[in-house]
Amino acid sequence: MPSQHNVIKRTRGIFLSLSLSLSLSLSLSLSLSLSLALSHTWLHAAAVRQCVTPQVDVVKGQTARLPCTYTTSEKAPITVVEWYIENASGRQRVAFRSPTDSVQDTNTPLSGRVSMDNDMTLVISNSNPADQRSFICSVIGGAVGTSEAETTLRVFHAPETPTVSGNNQPISISGTSPSEVGTCTSRNGPPEPRIIWFKDSTPLPEVKDPKENMYMVPRVVKESSGLFSVTSTLYMHLQKGDAKAVFHCTVEYTMPQAQIKQQSSNNFTLTLLYPAENVFFTLLNDSPLKEGDDVQLKCSTDGNPQPQFEITKDGNPLKDDSGLLTLEKVRRENNGTYVCLAMDFDATEELSASLVVNIHHLDIDVVPVGPVYVNKEEAVELQCKPTSSDMFTLQWMKASTPSSSSSCLHYLLCLSVKLLLAVCVAAVWSVQGRLTSLCGKPEIDEPLKAEVGKQGDMVTLKCSAQGHPPPQFTWKPSGKESLEIKGNNYISTVMLEATEVILRDGVTCEATNRHGTESRKIQLEVKSDNTIGANNGAGRGRHLSRLSVLLSVIFGLCLIHAV
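The residue numbering used here restarts from 1 in each chain and proceeds along that chain's sequence as written. Predicted model: local features are reported for residues with pLDDT of at least 70 only, side-chain atom pairs are reported and counted for 80 or more only, and whole-chain, interface and lining totals are derived from all residues. Heavy atoms from the whole structure form the basis of all side-chain values; hydrogens and water molecules are not counted.

1. Details of the overall build of the protein
Threshold: Under the DSSP-based scheme used, a helix requires at least four consecutive residues in state H or I and a strand at least two consecutive residues in state E, with every element numbered from the N terminus. The buried label applies to any residue whose accessible area, calculated with a 1.4 Å probe on protein chains only, is under 20% of its type's maximum; exposed applies above 50%, and partly exposed to all values in between.
Across its full length, the protein holds 2 helices and 47 strands. A total of 563 residues make up the protein; the buried ones form 39% of that total.

2. Side note on the sheet that holds strand β5 (residues 80–87)
Let me state the cut-off plainly: One requirement defines pairing of two strands: DSSP has to find at least two bridges between them. Between the N-to-C directions of two axes lies an angle of 0 to 180 degrees, each axis being a line fitted to C-alpha atoms and, for a helix, fitted only over the stretch in contact.
Read across the open sheet, the 6 strands follow the order β2-β11-β10-β5-β6-β7; overall the sheet is mixed. Because the sheet does not close on itself, it has two edges, and the strands there are β2 (55–59) and β7 (101–104). Here the strands of the sheet are splayed against their neighbours by 25 degrees on average, with no regard to which way each runs.

3. Considering the sheet that holds strand β23 (residues 295–301)
If you walk across this open sheet you meet the 3 strands as β22-β23-β26, and the pairing is antiparallel. Looking at strand neighbours, the two that pair on one side only are β22 (279–283) and β26 (324–327), the edges of this open sheet. Between one strand axis and the next, the sheet turns through 10 degrees on average, direction left out of account. The pairing of β22 with β23 spans 5 bridges and is classified as antiparallel. Each residue of the ladder has a partner; that of L283, found in β23, is L297.

4. Quick word on the packing of aromatic side chains
The test is simple: Paired rings are identified among Phe, Tyr and Trp, the last through its six-membered ring, by centres lying within 6.5 Å, and are further divided according to the angle between planes into stacked (under 30 degrees), edge-to-face (over 60) and tilted (the rest). For a lysine, the NZ atom is tested; for an arginine, the CZ atom; a charge sits over a ring if that atom is within 6 Å of the ring centre and within 35 degrees of the ring normal.
Applying the stated criterion across every chain, the model contains 3 aromatic pairs. Both rings, one in W197 and one in F268, keep their centres 6.4 Å apart while their planes meet at 80 degrees; by these two values the pair is edge-to-face. Here W197, found in strand β15 (residues 194–199), pairs with F268, found in the loop between β20 (259–264) and β21 (272–273); they are 71 residues apart in sequence, far enough to count as distant. Residue W197 is classed as buried on the basis of its relative accessible area, which comes to 1%. Among the aromatic residues, those joined into a ring-pair cluster are W197, F247 and F268. A cation sits over an aromatic face here: R91 above Y84, 5.5 Å from the ring centre.

5. Brief notes about the state of the cysteines
Selection criterion: By disulfide we mean two sulfur atoms from cysteines, separated by a distance within 2.5 Å.
If you walk through the whole model with that rule in mind, you get 4 disulfides. Put simply, C68 and C137 are joined by a disulfide, and their sulfur atoms are 1.9 Å apart. Taking the sign of the S-S torsion, -80 degrees for the link of C68 and C137, the bridge is left-handed. Placement of C68 in strand β4 (residues 68–72) and of C137 in strand β10 (residues 134–140) is noted, with a sequence separation of 69 residues between them. A sulfur-sulfur separation of 2.0 Å characterises the disulfide bridge that pairs C184 with C249.

6. Examining the confidence of the model for the protein
Here is the rule we go by: Confidence scores per residue from the predictor, reported as pLDDT, run from 0 to 100. Residue contacts are counted whenever heavy atoms from the two residues lie within 4.5 Å of one another.
Scored by pLDDT, the protein comes out at a mean of 78, with 74% of its residues at no less than 70. Every residue in residues 1–45 is under pLDDT 50, and counting partners more than four places away or in other chains gives 5 contacts. Segment residues 530–563 is flagged for pLDDT under 50; beyond a separation of four residues in sequence, or across chains, it makes 125 contacts in the model.

7. Considerations on the layout of surface pockets
Filter applied, for reference: Here the term cavity refers to a set of points on a 1 Å grid, laid over the protein atoms alone, in which a 1.4 Å probe fits but cannot get out; the term pocket refers to an open set having protein on both sides within 12 Å along at least five of seven lines, with lining residues being those that place an atom within 4 Å of a point. Grid points are joined across faces, edges and corners, and a volume is the space filled by probe spheres set on the points. Charged means Asp, Glu, Lys or Arg here, nonpolar means Ala, Val, Leu, Ile, Met, Phe, Trp, Tyr, Cys or Pro, and polar covers whatever is left, Gly included.
The space that makes up the largest pocket amounts to roughly 260 Å³. Lining the largest pocket are 16 residues, and of these R194, I195, E206, P218 and S232 lie nearest its centre. Of all the elements in the fold, those that place two or more residues in the lining of the largest pocket are β15, β17 (214–222) and β18 (228–236). Here the residues of the lining of the largest pocket sort into 9 nonpolar, 2 polar and 5 charged.

8. Remarks on the pattern of salt bridges
Counted only if it meets this: Only one rule defines a salt bridge in this text: a Lys or Arg side-chain nitrogen within 4 Å of an Asp or Glu carboxyl oxygen.
Applying the stated criterion to the full structure yields 23 salt bridges. Residue K240 is joined to D302 by a salt bridge in which the shortest nitrogen-to-oxygen separation is 3.2 Å. You can see K240 sitting in the loop between β18 and β19 (247–255) and its partner D302 sitting in the loop between β23 and β24 (308–313), a full 62 residues away along the chain. Residue K240 is classed as partly exposed on the basis of its relative accessible area of 24%. For K290, the salt bridge identified is with D293, shortest N-O distance 3.6 Å. Judged by relative accessible area, D293 falls into the buried class, the value being 17%.

9. Examining the environment of W475
What counts is decided by this rule: Definition of a polar contact: a pair of N or O atoms within 3.5 Å, with one able to donate and the other able to accept a hydrogen when the atoms are protein atoms, and with sequence-neighbouring residues admitted only if both atoms are side-chain atoms.
Note on placement: W475 falls in strand β40 (residues 472–476). Linking W475 and C463, residues 12 residues apart in sequence, is a C-alpha distance of 9.4 Å. Dropping the residues within four chain positions of it, W475 is found in contact with L461, K462, C463, E481, S492, T493, V494, V507, T508, C509 and I522. A distance of 2.8 Å separates polar atoms of two side chains, one belonging to W475 and the other to S492.

10. Examining empty space enclosed by the protein
Counted according to the given criterion, the structure contains 2 cavities of 30 Å³ or more. One number sums up the size of the second largest cavity: a volume of about 40 Å³. What lines the second largest cavity is simply I171, S172, I173, G175, S177, S179, M236, H237 and L238. Residue classes in the lining of the second largest cavity are distributed as 4 nonpolar, 5 polar and no charged.

This is the structure we're talking about:
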């Protein structure tokens, strides 16, 4: 066991070593503190302070100004300010200025476009996207000190209006993967613009995952000019409801002072293919139908493309597969049920629709037909018998004066030797324009004078008549004839040569039925200006159903005659 003296000796040695170490540490600490204090005193005594704008924005083609101001803690004998740019090879000076000189460096990207103002502002004219970089302002104050600060130049340019190319091929909605909708392109835009897709004026979320039902594939190209061109292609899993959807794209870009601006492309739609689910069978005529009208029936589906159609009437097929059936100059025999069958083989079930066609008609007869002989002062009863598809009104007229609304006209007495005219008028008011019919001998509308350029020219004449039964036309002299029916108007047309005899005597139109005959002469005139009259006859605005009864007294008898 060591002695107590040795333990004490060793303990004293340890304390001496610790004391020496502490003394050395304290000396070093005091020395370092003194050095820092001296250094701080020197920096505070001689320093350069400068100020730059951290970020400068400019529009392409405009002049950019990058300020650099400085102060020194004491007056420097000479101060030089230099501007540098950062490039791939390192730092490159572009200009400097001293109290006695101002120089623009050559062989730099800014040569010929850069200068320095007296306040050390770097001026860059005709800015372009390649100027978008960091600039360093270095202030050299000699013994006073040196300082550097960095500023960033951003160059903006509005991109071109975006162009869009929609998919112009028919797209089937039965596909299992998303289909290409269209491609949107925006060119020449620093900084890089953003493309937004719209469907029916609603922006679509930006999705890039091709596993989704809707996604975009973007592409960015930096042109040699430093401008950016961006492209976005839209893909969607399309549905039937997208057949009427309107698509467009918008390019969003920034401008100085944090302005956000947009430009939009033209709209476009898609052609989608999908099977029909419903069939529609409609009557295209706006007003109720009457005899003599042209009637159109339209069959269509909500599918695309439209299939072929089969239209039948009362089970009998009609010749039509386009879905549009035109019935010309309809008669009451065209009444019935029409059925349209859509032959869409992609549909899940047979598609058909029916349509009932009702042709309004009105006929009228008077009993007795005549001629009927009665004694003087003998009463006679005339019966007016309309036949109509609708409710009708009835009115007897004597000498243009309403007489009775009954179907019978009683006690029509022959009191003197004179002509007495009685007319039965029937009308259906449910049909637009008033459906009427003339029962009696034909009535020919007063024809207009016809005009012809010169003798020997061909001329076309028209003769319009009303009556029931339908009248038969005879032209004197004859020519190439045709007949047109408009409601209860019967219009006969003749085309013939304007001979010397015709120019002198005119042309006669004669209309005949079982009740009698009426004729009109059409006179032709030669026009020196070779202008042919445009209107050789006009139909009446309404059809009158009338029966004229002529009474005359002959040898004490009353003759009733239908005219």
